[in-house]
Amino acid sequence: MQQYDLSWADAGHGDPAFLSEIFGLAFVRDVAPLDALCRIGGLEDTLAYRTPAQIADLHDYENGYPEVASALALGEWTVLVQPNSFWLTHLVDALSRGTEAVAIVRHDYASPSFTHAVDGTVATSFNLNWPDERGGTDPDRLLPLIREAGFDPDTVDDEDDEDEDEESWLYRYEDVMAHALRLTGLVTGVLPTYEQITAPLPSMHFDHWFSRTRPSDVEDALATATGLVAELSVGGAPGLAAALAAAERGEPVVVPPDSDLGRHVREWSTLARRASWSLNLEKSRMSDEERSRGFRFGHLTQALAAAFRADLA
């Protein structure tokens with residue numbers, strides 16, 4: 001594998017090669033770029049060439065704070081890039097169905113992560129600062145490569161160490177994202193350059209609701225969804241009654257984004273995102289009543305996803 005300068009992955013504000021303090025990259029084998037975007041719930045009617053800066057400009061109230069990812073072909077792999085967000089790490093199971101996928105996330109004040117999935121199942125995952133605490137069905141699968149990438153998966157720190165402050169917990173390794181990229185390159189055999197991922201690339205808004213990722217756990221999802229449908233007076237949405245009836249029969253339900261019901265779900269997701277993001281960014285744009293209703297639509301879409309994807313739970 002060709003050696004690249006990976007310093008951009010950990011660059012800070014003011015560095016010319018700074019992408020973001022939060023970003024995600026996902027790699028999926030033998031899936032074309034546009035198909036990979038559709039696997040995460042890409043909305044094909046939003047397809048356009050965009051740079052990360054142009055994607056960041058879409059994050060406002062008028063546009064509904066959309067999640068947006070771009071795609072780049074590298075050999076037999078497609079690389080997805082999501083500037084300013086972390087959703088790709090939650091969708092790696094959907095990306096990997098019938099193949100394999102890797103996702104890494106930089107998150108300077110939460111949980112930077114590495115995830116490797118095979119055929120819909122997460123095999124190995126860990127917080128980049130704690131490679132000794134791995135999850136997945138096969139947490140030791142990549143141990144030699146984890147070591148080769150510069151991580152120390154063999155040292156277990158004493159949790160009762162009184163000298164360990166919050167900052168050292170968040171930043172146990174220097175250049176943690178360069179380590180993660182190096183590990184990804186060892187798994188995939190490819191790595192993008194900073195210039196490649198910041199060039200204009202085909203991109204789509206995406207809504208993970210339309211992906212085939214495992215749904216969040218919602219207690220009595222079908223009953224919860226049915227109650228919220230009544231509460232929010234949306235029972236007349238085209239196709240919704242038939243979809244709920246199919247879910248009640250135990251059948252998986254797939255709703256295309258461009259279907260009548262799909263377009264309603266997209267509207268409900270947008271209401272939920274506006275309610276969430278505007279609370280911190282543009283609070284005056286919504287009344288408390290409107291924001292509360294938006295949150296309820298978020299609960300509705302979550303319950304519908306769990307009810308419709310019961311076969312993946």
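Thresholds applied
- Residues numbered from 1 in each chain as written.
- Predicted model: local features only at pLDDT ≥ 70, side-chain atom pairs only at ≥ 80, totals over all residues.
- Heavy atoms only, no water.
- Helix = DSSP H or I, 4+ residues; strand = E, 2+ residues; numbered from the N terminus.
- Rg over C-alpha atoms; globule rule 2.2 N^0.38 Å.
- Contact = heavy atoms within 4.5 Å.
- Areas by Shrake-Rupley, 256 points an atom, 1.4 Å probe, with all protein chains shown as cover.
- Lys, Arg positive; Asp, Glu negative; His and termini not counted.
- Charge placed at Lys NZ, Arg CZ, Asp CG, Glu CD.
- Buried < 20%, exposed > 50% of the residue type's maximum accessible area, 1.4 Å probe, protein only.
- Pairing = 2+ DSSP bridges.
- 1 Å grid on protein atoms, 1.4 Å probe; cavity = no way out; pocket = protein on both sides within 12 Å on 5 of 7 lines; lining within 4 Å.
- Points joined across faces, edges and corners; volume = space filled by probe spheres on them.
- Axes fitted to C-alpha atoms, helices over the stretch in contact; angles between N-to-C directions.
- Polar contact = N/O pair within 3.5 Å; in protein donor to acceptor, adjacent residues only side chain to side chain.
- Salt bridge = Lys/Arg side-chain N within 4 Å of Asp/Glu carboxyl O.

A.B. asks: Help me out: how do you make sense of the overall build of the protein chain in this one?
C.D. replies: In terms of regular secondary structure, the protein chain is built from eleven helices and eight strands. Over its C-alpha atoms the protein chain spans a radius of gyration of 20 Å, differing by no more than 12% from the 20 Å that the globule rule assigns to 313 residues. Each of the three principal axes of the protein chain carries a C-alpha extent, and together these read 55 × 45 × 40 Å. Partitioning the intrachain contacts of the protein chain with sequence separation of at least 6 by distance along the chain shows that 69% fall at a separation of at least 24. Accessible surface for the protein chain amounts to roughly 14,700 Å². Of this, 48% is attributable to carbon and sulfur atoms. The averaged location of the 53 negative side-chain charges in the protein chain is 9 Å from the averaged location of its 23 positive side-chain charges.

A.B. asks: I would appreciate a short explanation of the pairing of strand β4 (residues 77-83) in the present structure.
C.D. replies: As a general feature of sheets, a regular strand has side chains that alternate between the two faces. Most of β4 is tucked away, with seven of its seven residues classed as buried. Residues Trp77, Val79, Val81 and Pro83 point to one face of β4 and Thr78, Leu80 and Gln82 to the other, with burial holding for every one of them. Bridge count between strand β1 (residues 22-29) and β4: seven bridges; the pairing is antiparallel. Looking at the pairing, Ala26 lines up with Leu80 of β4. Where strand β3 (residues 67-74) lies against β4, five bridges are found, and the strand directions are antiparallel. Counted as the bridge partner of Leu72 is Val79 from β4. Here β3 folds back onto β4, and the loop between the two strands holds two residues, one of which, Gly75, carries a positive phi near 60 degrees.

A.B. asks: Before we go on, may I ask you to explain the layout of surface pockets in this structure?
C.D. replies: Rolling a probe over the atoms, with the probe sized like a water molecule, indicates the empty space that remains. The computed volume of the largest pocket comes to approximately 1,100 Å³. Along its surface, the largest pocket is lined by 43 residues, and Glu67, Phe86, Trp87, His208 and Arg273 are the ones closest to its centre. For the lining of the largest pocket, the secondary-structure elements that each account for two or more residues are α2 (52-57), β3, β4, α10 (260-281) and α11 (288-308). It is α11 that contributes the most residues to the lining of the largest pocket, six residues altogether.

A.B. asks: What should I look at first to understand the sheet that holds strand β8 (residues 201-206) in this one?
C.D. replies: Strands pair in a sheet through their backbones, by hydrogen bonds, and they do so in one of two ways: parallel or antiparallel. Spatial strand order, β2-β8-β3-β4-β1-β5-β6-β7: eight strands in an open sheet with antiparallel pairing. Each of the sheet's edge strands pairs with one partner strand only, and the pair in question is β2 (48-50) and β7 (121-127). Here the average twist between neighbouring strands, direction ignored, is 25 degrees. Relative to strand β5 (residues 100-107), helix α6 (residues 176-188) is tilted by about 175 degrees, and along the sheet it contacts β1, β4, β5, β6 (113-118) and β7.

A.B. asks: Hey, could you run me through the side chain of Thr78 in this one?
C.D. replies: Within the secondary structure, Thr78 sits in strand β4. A polar atom in the side chain of Thr78 sits 2.6 Å from the backbone oxygen of Val31. Contact partners of Thr78, with chain neighbours within four places excluded, come to Ala26, Phe27, Val28, Val31, Ala32, Pro33, Ala36, Ala71, Leu72 and Ala73.

A.B. asks: Hey, could you run me through the pattern of salt bridges in this one?
C.D. replies: Where charged atoms from two side chains of opposite charge approach closely, those side chains can pair. As enumerated under the stated definition, the model contains 15 salt bridges in all. Across the pair Asp93 and Arg97 runs a salt bridge, and its minimum N-O distance is 3.6 Å. With a relative accessible area of 25%, Arg97 lands in the partly exposed category.

A.B. asks: Help me understand unusual backbone geometry in this model?
C.D. replies: Keep in mind that most residues, glycine aside, have a negative phi and that most peptide bonds are trans. Of note, the phi angle at Asp30 is positive, near 60 degrees, even though the residue is not glycine. The exposure class of Asp30 is exposed, given its relative accessible area of 57%. Of note, the phi angle at Asn84 is positive, near 65 degrees, even though the residue is not glycine. Locating Asn84 in the fold gives a position in the loop between β4 and α3 (92-95). On the accessibility criterion, Asn84 (39% relative accessible area) is partly exposed.

By themselves, these are just geometric observations and shouldn't be taken as functional.
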